[in-house]
Amino acid sequence: MASDRRNFAVNGYSLSICPHPGPMSTAETLVKGHADLAEVALPDFSSEVYKDAYSRINAIVIEGEQEAHDNYIAIGTLIPDQADELAKLARMELKHMKGFTACGNNLGVQADMAFAKTFFTPLHDNFQKALAAGNVTTCLLIQAILIEAFAISAYHIYIPVSDPFARRITEGVVKDEYTHLNYGQEWLKANLESVREELEQANRENLPLVRRMLEQVADDAAALHMDKEDLMADFMASYQEALTEIGFTSREIAKLATAALLG
Ligand code: PL3
Ligand code: FE2
Ligand code: FE2
């Protein structure tokens, strides 16, 4: 049990000592930078299986960061008094994109950008439709809530099984993603009564797409030692927390979350 394990940090290494050691030896529990990750087995970052999966996952992340940049700039055209703030968020996304490009280069992996473009198409198209109709609420739900919660959960699950170079980058990125999620939450919260209906509709149309994206990425994520159920659970936790912050009750959130099962 994690509760009866004791952690010691020595020179940036954390040693996790369990009073009743199971099958794992003490040496195996020496995991750099982690307080309590005795269970985490790192993948072989140079294997062909790893690099093949990484070529798609890395592309998804690069494409996602690029689209996030474009989406924040686009949302700025719908809320002109927020354009400067949104341009700042967009700049952060470009920095993320460059960081993840460096992660792929560092492993000698060529990102499969055509695959990633297809992966994002349904959500991308829904965002473009909402943008053309001037539906700020839908645009914010797609980008600042759903995509950011997706990114946060994916990065959370990736960090413990990442290579040291990517870990440093991803840890920096995930902090920014909270700022983005928070931006969306605050705007929607401030306007809740007027946006409620559109939010419910946008949730019904887009939450199933995110579920499908999580399913599509699961096999490649598994090759990176990221667990599908962990990804889904972390995503739902982030999403539900965001909805609570916006002002929905737990009953309303349960109803909104049901859309993930139906679509
Ligand atoms: C918003 O700021 C960014 C949107 C990015 C979307 C991320 C999708 C993540 C899919 C699974 C990736 C695992 C992490 C691997 C990092 C190289
Ligand atoms: Fe980002
Ligand atoms: Fe972001």
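Scroll up for the structure.
Residues numbered from 1 in each chain as written. Chains lettered and ligands numbered in written order. Predicted model: local features only at pLDDT ≥ 70, side-chain atom pairs only at ≥ 80, totals over all residues.

Draft legend 1. Main features of the overall build of the protein chain. A tally of regular secondary structure across the protein chain gives eight helices and three strands. Among the 263 residues that make up the protein chain, the fraction classed as buried is 35%. (Helix = DSSP H or I, 4+ residues; strand = E, 2+ residues; numbered from the N terminus. Buried ≥ 20, exposed ≤ 12 C-beta atoms within 10 Å, placed from the backbone.)

Draft legend 2. Focus on unusual backbone geometry. Positive phi, normally seen in glycine, also occurs at His225, with a value near 65 degrees. Within the fold, His225 resides in the loop between helix H6 (192–223) and helix H7 (228–246). Assessed through the 17 C-beta atoms surrounding it within 10 Å, His225 is described here as partly exposed.

Draft legend 3. Region of the structure containing helix H5 (residues 164–190). Relative to the 39 Å expected for 27 residues at 1.5 Å per residue, H5 spans 40 Å between its end C-alpha atoms, a close match to the ideal helical length. Listing the buried residues of H5 in full gives Ala166, Ile169, Thr170, Val173, Glu177, His180, Leu181, Tyr183, Gly184, Gln185 and Leu188. Looking at the packing, one finds that the buried side of H5 touches helix H2 (83–106), helix H4 (136–158), H6 and H7. (Expected span 1.5 Å × (residues − 1). Contact = placed C-beta atoms within 7 Å.)

Draft legend 4. Representation of the site of ligand 1 within the structure. Residues in contact with ligand 1 amount to 23 residues; listed here are only the nearest, Gly64, Ala68, Ala151, Ala154 and Tyr158. Secondary-structure elements contributing two or more residues to the shell around ligand 1 are helix H1 (48–78), H2, H4, H5 and H6. Considering only residue class, the shell around ligand 1 consists of 15 nonpolar, four polar and four charged. (Near = placed C-beta within 6 Å. Nonpolar A, V, L, I, M, F, W, Y, C, P; charged D, E, K, R; others polar.)

Draft legend 5. Fine view of the environment of Gly76. Tracing the chain through its elements places Gly76 in helix H1. For the pair Gly76 and Leu86, spaced 10 residues apart in the sequence, the C-alpha separation amounts to 5.9 Å. Non-local contacts of Gly76, meaning those with residues more than four positions away in its chain, are made with Gln82, Ala83, Leu86 and Ala87.

Draft legend 6. Up close: helix H3 (residues 113–132). For H3, the principal kink sits at Thr121 and spans about 55 degrees; a proline, Pro122, occurs within the next four residues. The complete set of buried residues in H3 reads Ala116, Phe119, Leu123, Phe127 and Ala130. Of the surrounding secondary structure, the elements contacted by the buried residues of H3 are H1, H4 and H6. Trailing H3 by a residue or two, Gly134 shows a phi angle of about 70 degrees, which is positive. (Bend = angle between axes of the 7 residues up to and from the residue.)

Draft legend 7. How the structure looks around the nonpolar core. Counting 61 residues, the largest nonpolar core has Ile142, Ile145, Leu146, Ala149 and Phe150 as the members making the most contacts within it. Those elements that provide at least two residues to this core are H1, H2, H3, H4, H5, H6 and H7. If you tally residues by element for this core, the top one is H4, at 16 residues. With residues up to four places along the chain from it excluded, the contact list for Ile145 reads Leu140, Leu181, Gly184 and Ala242. (Core = buried A, V, L, I, M, F, W, Y, C linked by C-beta atoms within 7 Å.)

Draft legend 8. Representation of the packing of H6 against helix H8 (residues 250–262). Where H6 meets H8, the axes come as close as 7 Å, and the angle between the chain directions of the two elements is 45 degrees. Judged by the inter-axis angle, H6 sits oblique to H8. Considering only the axes of H6 and H8, their crossing is right-handed. Across the interface between the two elements, Glu200, Asn203, Arg204, Leu207, Pro208 and Arg211 of H6 pack against Leu256, Ala259 and Ala260 of H8. (Axes fitted to C-alpha atoms, helices over the stretch in contact; angles between N-to-C directions. Parallel < 35°, antiparallel > 145°, perpendicular 65-115°, else oblique. Left-handed = near helix turned anticlockwise from the far one by under 90°.)

Draft legend 9. Spotlight on the packing of H7 against H8. Put simply, H7 and H8 touch, their axes get as near as 10 Å, and they point 135 degrees apart. Classified by the angle between their axes, H7 and H8 sit oblique to one another. The element H7 and its partner H8 pack so that their crossing is right-handed. Along its contact with H7, which presents Met236, Gln240, Leu243 and Thr244, the element H8 presents Ile253, Leu256 and Ala257. In the contact of H7 with H8, the residues fall into five nonpolar, two polar and no charged.

Draft legend 10. Seen up close, the environment of Asp219. Position of Asp219 relative to the elements: it lies in helix H6. In sequence terms Asp219 and Ala53 are 166 residues apart; their C-alpha atoms lie 8.3 Å from each other.

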